[in-house]
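Fold and geometry: a report
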Amino acid sequence: MGTVTRRGFVAGTTAAGLGVITGAGGAAAATGGGTGFGPVTVRPSDPRYASLTGGYNYRFLGSPDYYRLAGSAAQVEQAVGEALRAGRRLAVRSGGHCLEGFVNNPGVDAVIDLGEYSGVYFDATRSAFAVEAGATLGQVYDTLYRGWGVTVPGGVCPQVGVGGHVAGGGYGALSRLFGLVVDHLAAVEVVVVGADGTPRTVVATADPADPRHDLWWAHTGGGGGNFGIVTRYWLRSPGASGTDPAALLPAPPATILFSQISWPWSALTETSFTRLVDNFNRWHEANSAPGSPYASLFATLWLNHVRTGNPALTVQLDGARPDARTLLADFVAAITDGVGVAAVPVTGELPWLPAKNRLGFADFGAGVGKRVKNKSSYLRTGYDPEQLAAIHHHLTRTDYPGTSASILLASYGGAINAVTPAATAIPQRDSIIKAQYSVSWTDPAEDTVHIGWARDLYEDLFAATGGAPVSGPVSDGAYINYPDTDLADPARNTSGVPWYTLYYKDNYARLQAVKRTWDPLDVFRHDLSVRPS
């Protein structure tokens, strides 16, 4: 998108008021922002239509009446009104990375695509950075850093759109140091629909005195597609003051020290494999408190199926720390202790921006035609022995033919856990690891085989709690940005704990109240959306 290039280093002109921002002719519209693009309507007869029907997960292909490509909040508002007057069911797309069929769904008649509404700029009227919902994480990082030397602690997949990523909480390689993205969310602009069916654009802020504060809170981890269509976020760290943009968001480490290690499956016994996984998790138990010397350390342990590849570790931390190499060596020693399989680390150091690009996932596992199934869990402690045995069993199954099946264990905790569970909509604030269980393939005829592997793994892993990561000593539910509709299926989730408790815990009742206030007609809904009642 050309938006960031044209507008990345200029101040916006957004009005600073908290209320509805009224445009010409009495229609509610946001001033400032906007790319000069669109709106563009793409229908099935248009050759562009086919390029819009897919997303990250080709298990789900859309066939709506049209795609509306919007370049401003006013255009979104117009598109919502038009669809509602015609009785069409709506969905919205930012980066297209939804893992379930929330957007590409047979029941959806019109998709509002925000990919061209992608500006990233400093808004002097709010003393905050404005990020339009179609921007990708890569655009955000590049623009913030090149323009002002700052960043936000978002995800490591640069193609992901911020619209859904932020609404779901947003975490990544700097989150142990700086918290979640939503911990830096100052305001959100949303197109909502009232009880009379009329769309309007409102701005909700982090200020507790704001009458729309609950709508802001709902976007701090309540998930996308629930309350309206986010068109813009404003980012500023809590406690930041003044007008110097370079002082309003965190500055990333000047350099990143990193190391990568892999262990050949051929040399790993079940004992050595489970020792490796347990070492990784136990280290995080001991080193994930807020303010830890290891707060800048972010590690990912890829536990690949034997047909996928070898288990592999990537670790990175602030290379400017005088003790950085000592911290890294001590970490590697702790992870490899007692494993008994020789592994030679490949270590390097890069400036932050090149390191971010090199160490990011770059849509790992995705591609044209790729079909995926993902599940997740938070870990409060390491897996117990029965769970470790289940992991080893499913990763070494010789009856499973897939070549792209993995468990990803990623560092969590640190500054994330300095926030109370009710302060934001995302309630998991005492975990140490975020786990993702994923499989991908291309042949639709193999859906049952690969989805079955993911289900078997997950339900065996959480057999003691009904096939779901029920909050307890080890687990603390699941991450809404890795949605899994199996958790809403009582045949698969036999725990007796509903899906919404697994994702939102005690925060769900407040999310429902926000839903009743801001989307009373349930216009914005999907298979795991917040229910009005």
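Small disclaimer: the values here were computed from a predicted structure and weren't measured.

Parameters at a glance
- Residues numbered from 1 in each chain as written.
- Predicted model: local features only at pLDDT ≥ 70, side-chain atom pairs only at ≥ 80, totals over all residues.
- Heavy atoms only, no water.
- UniProt positions renumbered as here; feature names shortened; annotations may be inferred.
- Helix = DSSP H or I, 4+ residues; strand = E, 2+ residues; numbered from the N terminus.
- Core = buried A, V, L, I, M, F, W, Y, C linked by side-chain atoms within 4.5 Å.
- Buried < 20%, exposed > 50% of the residue type's maximum accessible area, 1.4 Å probe, protein only.
- Contact = heavy atoms within 4.5 Å.
- Pairing = 2+ DSSP bridges.
- Axes fitted to C-alpha atoms, helices over the stretch in contact; angles between N-to-C directions.
- Domains from an automatic or database assignment.
- Buried area = accessible area lost by both parts, 1.4 Å probe.
- Salt bridge = Lys/Arg side-chain N within 4 Å of Asp/Glu carboxyl O.
- Nonpolar A, V, L, I, M, F, W, Y, C, P; charged D, E, K, R; others polar.

This part covers the UniProt feature "domain: FAD-binding PCMH-type" (unreviewed entry) in the protein chain. With numbering matched to this structure, UniProt assigns "domain: FAD-binding PCMH-type" (unreviewed entry) to residues 60-240. Split by type, residues 60-240 is 23% helix and 24% strand. Its first and last C-alpha atoms lie 42 Å apart.

Grouped together as the largest cluster of nonpolar side chains are 136 residues, with contacts concentrated most on Phe331, Tyr383 and Leu409. If near-sequence neighbours (up to four positions away) are discounted, Tyr383 is found in contact with Val277, Asp278, Asn281, Arg282, Leu388, Ile391, Leu409, Ala435, Tyr437, Leu461 and Val474. Listed in part, the nine residues of the second largest apolar core include Tyr49, Leu52, Val103 and Val108.

Turning next to the sheet that holds strand 14 (residues 371-379). Judged by pairing direction, the sheet is antiparallel, and its seven strands sit side by side in the order 13-10-12-11-15-16-14 without closing on themselves. Whereas interior strands pair on both sides, the edge strands pair on one side only; in this sheet they are strand 13 (346-351) and strand 14. Between one strand and the next, the sheet's axes are offset by a mean angle of 15°, whatever the strand orientation. With six bridges connecting them, strand 10 (residues 255-262) and strand 13 associate as antiparallel partners. The partner of Thr255 across the bridge, within strand 13, is Pro351.

Moving on: the domain arrangement of the protein chain. Domain annotation for the protein chain reports domain 1 (40-113), domain 2 (120-252 + 510-518) and domain 3 (255-506). Here the C-alpha centre of domain 3 lies 32 Å away from the C-alpha centre of domain 1. Counting from both sides, the interface comprises eight residues of domain 1 and, opposite them, 20 residues of domain 3. For the domain 1 and domain 3 pair, buried surface summed over both sides reaches about 1,100 Å², with 57% attributable to carbon and sulfur atoms. The tally of links between domain 1 and domain 3 comes to one salt bridge. Note that Glu100 is salt-bridged to Lys373, the shortest N-O span being 2.8 Å. Its residues assigned to classes, the side of domain 1 that touches domain 3 comprises four nonpolar, two polar and two charged.

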